[in-house]
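Chain by chain, the residues run as shown.
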Amino acid sequence: MATLFHNGRFFQSGSRGEDHSFAESLLVDGSGTITYIGSASDEQIRIAETAGIAKHDMRNRLVLPGFIDGHMHLLMLGQSLQKAGLEACEDLQDIRKTIREFAAAHPSVTRIMCKGWMHSMTDGQALASMIDDLDPRPIFIDSKDLHSTWCNTAALDEMEVQDMPDPEGGKIHRDESGKASGLLSEAAAVTIVWPHIAKIAPMEEKLAALRGAVEAYNSAGYTGLVEMAMDENAWEALQILRQTQTLPIRIAVHWLITPRKTEAENLAQVDRAIELNRQFNEGNNPDCRVVGIKVIGDGIIDGCTAGLSEPYTSNGMSCDPIWSLAELGPIVKKADAAGLQCALHAIGDKTIRVAIDALEQNATFGRRHRIEHLELASPEDAARLGKLGITASIQPVHADPAILRAWPSLLGPARCERAFAYKEFADGGAVLALGSDAPTAPHAPLKNVYTAATRRSAREPSSSDRVNPHFALDLAAAIAAGTEGSAYSCFADRRAGMLEVGRMADMAVVDMEWDANELLQARVIQTWFEGKKVFDADI
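Throughout what follows, the structure given in this document is the object of discussion.

Basis of the calculations
Residues numbered from 1 in each chain as written. Predicted model: local features only at pLDDT ≥ 70, side-chain atom pairs only at ≥ 80, totals over all residues. Heavy atoms only, no water. Salt bridge = Lys/Arg side-chain N within 4 Å of Asp/Glu carboxyl O. Helix = DSSP H or I, 4+ residues; strand = E, 2+ residues; numbered from the N terminus. Buried < 20%, exposed > 50% of the residue type's maximum accessible area, 1.4 Å probe, protein only. Phe/Tyr/Trp six-rings, centres within 6.5 Å; stacked < 30°, edge-to-face > 60°. Lys NZ or Arg CZ within 6 Å of the ring centre and 35° of its normal. Pairing = 2+ DSSP bridges. Axes fitted to C-alpha atoms, helices over the stretch in contact; angles between N-to-C directions. Right-handed = clockwise from strand over helix to strand, strands pointing away. Core = buried A, V, L, I, M, F, W, Y, C linked by side-chain atoms within 4.5 Å. Contact = heavy atoms within 4.5 Å. Patch = residues over 30% accessible without salt bridge, like charges linked within 9 Å, V, L, I, M, F, W, Y side chains within 5 Å. Areas by Shrake-Rupley, 256 points an atom, 1.4 Å probe, with all protein chains shown as cover. Lys, Arg positive; Asp, Glu negative; His and termini not counted. Charge placed at Lys NZ, Arg CZ, Asp CG, Glu CD. Parallel < 35°, antiparallel > 145°, perpendicular 65-115°, else oblique. Left-handed = near helix turned anticlockwise from the far one by under 90°. Nonpolar A, V, L, I, M, F, W, Y, C, P; charged D, E, K, R; others polar.

## Considering the pattern of salt bridges
Per the counting criterion, the structure on display carries 31 salt bridges. In this structure, arginine 250 and glutamate 530 form a salt bridge, with 2.9 Å as the shortest nitrogen-oxygen distance. Note that arginine 250 is positioned in strand E16 (residues 250–257) and glutamate 530 in the loop between strand E23 (523–529) and strand E24 (532–536), a separation of 280 residues in sequence. Just as arginine 250 is buried, glutamate 530 falls in that class too. One continuous salt-bridge network, built from bridges that share partners, spans Arg250, Asp287, Arg495, Asp506 and Glu530.

## What to know about the packing of aromatic side chains
Following the criterion strictly, the structure yields 12 aromatic pairs and no others. Between phenylalanine 22 and tryptophan 514 the ring centres are 5.3 Å apart and the planes differ by 80°, which places this aromatic pair in the edge-to-face class. Note that phenylalanine 22 is positioned in strand E3 (residues 21–23) and tryptophan 514 in the loop between strand E22 (507–511) and E23, a separation of 492 residues in sequence. Since its relative accessible area comes to 26%, tryptophan 514 is described here as partly exposed. A connected cluster of aromatic rings, assembled from ring pairs, spans Trp407, Phe420, Tyr422 and Phe425. Residue placement shows arginine 368 over the ring face of tyrosine 488; its charged tip is 3.8 Å from the ring centre. Above the face of the tyrosine 422 ring, arginine 455 is positioned so that its terminal group lies 5.2 Å from the ring centre.

## What about the sheet that holds E23?
The 6 strands lie next to each other as E3-E2-E7-E22-E23-E24, forming an open sheet whose pairing is mixed. Pairing within the sheet leaves two strands with one partner each, and these edge strands are E3 and E24. Across the sheet, the axes of successive neighbouring strands diverge by a mean angle of 30°, strand direction being ignored. Where E23 and E24 come together, 4 bridges link them in antiparallel fashion. Looking across to E24, one finds that glutamine 526 is bridged to aspartate 536.

## Notes on the pairing of strand E17 (residues 288–296)
With respect to burial, E17 is a largely interior element, 9 of its 9 residues being buried. Note that E16 and E17 share 7 bridges and pair parallel. Residue leucine 256 lies in a different strand from E17, and its bridge partner there is lysine 294. The parallel pair E16 and E17 is bridged by helix H8 (residues 263–279), and the resulting crossover is right-handed. In terms of strand pairing, E17 meets strand E18 (residues 341–346) through 5 bridges, oriented parallel. Looking across to E18, one finds that isoleucine 293 is bridged to cysteine 342. Chirality of the crossover, the property in question, places the unit of E17, helix H9 (residues 325–337) and E18 among those that are right-handed.

## Some remarks on unusual backbone geometry
For the bond from alanine 438 to proline 439, the omega torsion is 10°, close enough to zero to count as cis. Within the secondary structure layout, proline 439 lies in the loop between strand E21 (432–434) and helix H15 (445–454). A positive phi angle is found at asparagine 60, which is not glycine, with a value near 60°. Checked against the element boundaries, asparagine 60 lands in the loop between strand E6 (54–57) and strand E7 (62–65). Look at asparagine 60 and you get partly exposed, because its relative accessible area is 44%. A positive phi angle, near 60°, is found at aspartate 437, a position not held by glycine.

## Some words on the nonpolar core
The biggest cluster of nonpolar side chains holds 129 residues, and the ones touching the most others in it are Trp235 and Phe425. Sequence-distant contacts of phenylalanine 425, that is, excluding residues within four places in its chain, are made with Leu374, Ala377, Ala382, Leu385, Ala392, Ile394, Ala430 and Leu432. Membership of the second largest hydrophobic core comes to 23 residues, among which are Leu146, Ala180, Ala188 and Leu256.

## Some words on a negative patch on the surface
Taken together, Asp511, Glu513, Asp515 and Glu518 make up a surface patch of like negative charges. Relative to the assigned elements, aspartate 511 resides in strand E22.

## Overview of the packing of H9 against helix H10 (residues 349–362)
Two elements in contact, H9 and H10, have axes separated by 9 Å at closest approach and are oriented at 45°. What the angle tells us is that H9 and H10 run oblique. Our pair here, H9 against H10, has a crossing hand that is right-handed. When H9 is examined against H10, the residues Leu325, Leu328, Gly329, Val332, Lys333 and Asp336 are found in contact with a partner set consisting of Val354, Ala355, Asp357, Ala358, Leu359, Gln361 and Asn362. Of the residues that constitute the contact of H9 with H10, the class distribution is 7 nonpolar, 3 polar and 3 charged.

## Digging into H15
The buried fraction of H15 amounts to 9 of the 10 residues, a majority that puts the element mostly inside the structure. Where H15 is concerned, the buried positions are Pro445, Leu446, Asn448, Val449, Tyr450, Thr451, Ala452, Ala453 and Thr454. Looking at the residues trailing H15, positive phi occurs at arginine 455, about 60°.

Encoded structure:
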């Protein structure tokens, strides 16, 4: 049924937020496609009203395009909603108290699953002995960034890691006697812990987690997402769910490529992504597409595992990227030749350079390849992004000052001045795609936009700290990055990302002032997907 949405303030802008304005009315046809947007006095609106079109009063609220999370992890997000949250903990004592209370409150669960731990909370230590006395059940603690898992002895025993070799690109941390001590990092978390948790989780539990994740996203104003580390386990669950219900969200998928011992083994993973892309693409599955691959190039700065061109200030250590340029090149070349997009995780400046070099030397301009995170880019490499047509996939929630207090000691003040150079990327011509990296960080888009536009903390609103405010984005540019930019990043911009004629009526209705400093008070009131309401805060 055609509908007139009226008495609203419908956000319009250029693709990067330039020349923004607000329209009063929006016409949508029975398929959910926008057919007109403009003033209440325009002839097209008057004709529709005269014909007795169904009307929906937006009550003078701001209406944004439906947000599209440019980088997240869907099944992990759903599962994280049931885990003990350690985000508010400041030290080991807080962590132990939180886990003990969670364990007491959940006596029937088989395992104690936790999230949100940061290395700085425990002075970089993560030993099984620090948590073994809390509960006899296996305890799995995800680091905030998902690059590490801290386990108690029961969890280590359950995974039988004592005699396992370190996987390519990862580490099972051990004590002086060679016994696994509690921490599995990088590829060890991805290839040992993640598959283990997937194997022991019942399918119905995974389906419930996916449903919960989609509901949480709709309620936050999202109508689309880019799944940035898909594997066989999550893919199977997602397809089973899609067979039972139509999901009110669009999903673009990047298939995770993990380091193996041989190039042939690495390329075989790309073959699997190509196979799935041929089955799930814009032509035959537009709402759930396999669009490319994801390669994790390094770790994180807090864990001293991000690849830097100079040693860490705190300990003098150096860390190389997980993939060398020689190893990464064939992966990129094969995926690009098959028409897939490459998403390369790169946090440290050394890894960022390798990622850009790999795309420059092996990829096709215009394929909309992308680099994820870009937390510490050199000025030279920041300028290369736009020139090479590389999308800058950014997560402002990781730039929150409240979680960066260890950076000055880890990097020194000079390098900290290069952190999260978003405006520099945009000024150099790169398209910005804004994401949350949920569940490594909160997924609420307006808080994400707040930090992008103010460089202040959404976690600690009373704090006056700002991280490199000269790299802040204008409010309209940040909104555009989380809508049109994310749509562009996965070739969804013909159907979503803007409120304009020909695109779908995907909308987030928000109660907010058009002021970046007031975004923490903003509230999503409704979410509309293809002209149909999928969330209403008042119901």
